[in-house]
Amino acid sequence: MGLQINNLYKSYNDLLLFSNFSIDFSEGNITCILGPSGGGKTTLLNIIAGIVEPDSGSMEGFNSKVLSYIFQDPRLLPWKTVRGNIEFVLPHSQPYSKRETVTNSLIKLVELDGFVDYYPSQLSGGMRQRVSIARAFAYPSDLILMDEPLKGLDVKLKMSLLRSFIKIWQGDRRTVIFVTHDVDEALMLGDNIIVLGNLPIEIKEKVSINIEKHKRNIGSDYFQNFRDELHNALNH
Amino acid sequence: MKISTNRYKLISFAAVIILLFLWKGLALYFDSDFILPHPERTLVKTLTLFGESQFLLIVGATTLRGVLGFIISLLFGIVLGIIAGVSCDFNAFIKPILVVLRSTPVIAIILLALIWLNASSVPVFIAILTMFPFICTNTIDGIRSVDRQLVEMAWVYKISRFHIAKEVYLPAIMPFIISGASSAMGIGWRAIIIGEVLSQPRYGIGTVMQSAQTFLNVDAVIAWTIIAVLLSYVFEQIIRSIEKRIVIWRD
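As the structure is a prediction and not an experimental result, all values here were calculated from the model. (Residues numbered from 1 in each chain as written. Chains lettered and ligands numbered in written order. Predicted model: local features only at pLDDT ≥ 70, side-chain atom pairs only at ≥ 80, totals over all residues.)

**Looking at the confidence of the model for chain B**
Phase 1: Averaged over all residues, the pLDDT of chain B is 91; the fraction at 70 or higher stands at 98%.
Phase 2: Of the two predicted TM-score estimates for the complex, the pTM is 0.82 and the ipTM is 0.90. (pLDDT = per-residue confidence, 0-100.)

**Some thoughts on the sheet that holds strand S9 (residues 203-208) of chain A**
Strand pairing in a sheet relies on backbone hydrogen bonds. The paired strands run either parallel or antiparallel.
Residue and element names in this part refer to chain A.
Phase 1: The six strands are arranged S5-S6-S7-S3-S8-S9 in an open sheet whose pairing can be described as mixed. With partners counted over all chains shown, the strands left at the sheet margins are strand S5 (67-70) and S9, one partner each. Adjacent strand axes in the sheet meet at a mean angle of 15°, parallel and antiparallel pairs treated alike.
Phase 2: Sheet topology places strand S6 (residues 143-147) next to strand S7 (residues 175-180); five bridges connect them, and they run parallel. Note on S7: the bridge partner recorded for Leu145 is Ile177.
Phase 3: Against the sheet, helix H4 (residues 125-138) makes contact with S5 and S6, and its axis sits at roughly 175° relative to S5, the strand it touches most. (Pairing = 2+ DSSP bridges. Helix = DSSP H or I, 4+ residues; strand = E, 2+ residues; numbered from the N terminus. Axes fitted to C-alpha atoms, helices over the stretch in contact; angles between N-to-C directions. Contact = placed C-beta atoms within 7 Å.)

**Things to note about the interface of chain B and chain A**
Where interface size is given, it is often the accessible area lost as the parts come together that is meant.
Phase 1: At the interface, 13 residues of chain B touch 15 residues of chain A.
Phase 2: When residues in the side of chain B that touches chain A are grouped by element, the largest group, five residues, is from helix H7 (residues 148-156) of chain B.
Phase 3: Residue composition of the side of chain B that touches chain A, grouped by class: eight nonpolar, one polar and four charged. (Nonpolar A, V, L, I, M, F, W, Y, C, P; charged D, E, K, R; others polar.)

**Overview of the environment of Val208(B)**
Residues and elements named next belong to chain B.
Phase 1: For Val208, the position within the fold is in helix H9 (residues 205-214).
Phase 2: Given 25 C-beta atoms within a 10 Å radius, Val208 is considered buried.
Phase 3: Excluding residues that lie within four positions of it along the chain, Val208 makes contacts with Ile58 and Trp224. (Buried ≥ 20, exposed ≤ 12 C-beta atoms within 10 Å, placed from the backbone.)

**Some words on the nonpolar core**
Phase 1: Membership of the largest hydrophobic core comes to 69 residues, with the highest contact counts inside it found for Leu34(A), Ala134(A), Leu145(A), Ile177(A) and Phe178(A).
Phase 2: Ranked by residues supplied to this core, first place goes to H4(A) with seven residues.
Phase 3: Among all residues touching Leu34(A), those that are not within four sequence positions of it are Thr180(A), His181(A), Val183(A), Ala186(A), Ile193(A), Ile194(A), Val195(A), Leu196(A), Leu230(A) and Leu234(A).
Phase 4: Of all hydrophobic cores here, the second largest spans 45 residues; its members include Val124(B), Ala181(B), Trp189(B) and Phe235(B). (Core = buried A, V, L, I, M, F, W, Y, C linked by C-beta atoms within 7 Å.)

**Concerning the environment of Gly60(B)**
Residues and elements named next belong to chain B.
Phase 1: As for its placement among the helices and strands, Gly60 is situated in helix H3 (residues 55-86).
Phase 2: Judged by the 13 C-beta atoms lying within 10 Å of it, Gly60 falls in the partly exposed class.
Phase 3: Note: C-alpha distance between Gly60 and Gly204 (144 residues apart in sequence) is 7.9 Å.

**Let's talk about unusual backbone geometry**
Phase 1: Its identity is not glycine, yet Arg75(A) carries a phi of approximately 50°, on the positive side.
Phase 2: Checked against the element boundaries, Arg75(A) lands in the loop between S5 and helix H2 (82-89).
Phase 3: Positive phi, normally seen in glycine, also occurs at Gln200(B), with a value near 55°.
Phase 4: If you trace the backbone, Gln200(B) turns up in the loop between helix H8 (161-199) and H9.

What follows is the structure, encoded as structure tokens:
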């Protein structure tokens, strides 16, 4: 049970990213991985996704999992509309009517109803990332990987995207691994928050928050304690 | 926006008018139909060409050669371009061939083709050799420009190779192929007509231009030139309209 990475080793050229690194993720939850920018977090996701081969190490539970990936850039096909981009990833084994229903319901969930026939070049950065989120949930996956998808967006937009994300996730609780360097994002989303340190990467702190995400008030004293704890772990 | 487009159209129109006046002035100066006929007389001559019994045959033959050469170049250009875009080895192999083809003077190819081939296929051969390098080079550039991140995304979502080729690669290289096709056409028509002038197939714009020149029918030479320009223009417009239909996603 559960997803585990054990004794992972990975280096790029002479840079040792992971040395005997182990981590596990609980299923049906959102695990946030917090760490400094450029610290190998993306590499960890890419190893999970099979894009990058580890030098050595074992992975358990991932083989049977189908996964979606929400990249830092939305990575939409410029020649396909909002609808086309979502339908693109849906397996052709599904009947078209099913693909259409799934696409329509997700477009609604990410509040892009009026934009189904727009091309990415006609959308704002936030809207493009909404399409990318819709695509990830439309795809019949068990595991969603997210690599700082909110980086570069302004705070207001971030919050509204996070709220959309939480709303969709409440109705469809897949396992999520969310990589970020922003403590507040982690506090809003994470069931478990894991803080990673500098290279070679090690786990510095692990906290669990047992409050439903839509009921969280991250401005409260309760969350301030977590925030201090996480900041402390990040800075030492 | 609307005003400035109209403004530019007006300026372009003025350029044509000035050119015509210059022509008229020179015609008045030389005062000889054997050197430079008057523009209005040439225009009438051009219009009477449309009524000639063999007009369709002549224009049809040249068009057929152009289209045939174009389709063959397109086919080979795209297929070899894709292979070269994917395989560095094949790219290294085809690169010098493309460079040689592009820098060889058209007339040298024609002279050799005249020795090797029959009159009717010389222009087609010329068309292929001049158009192919443009399409091939652009296809290679197109494949090279495909966003690796999009391919990676498609791979993560387990999209089949066939669909990655069809929905990621093909649309990405389409604008490159179209712009290659457009440059190829521009050069191609000129090459075909030179080929016809020298190889003298039974029907062809180049053939009639050559005989008109022999008899010093300068008005006919210019009139057929105008037909050739129109032919080239029509095909350019066809390519533009295809481009507009295919690349609507660009803002």
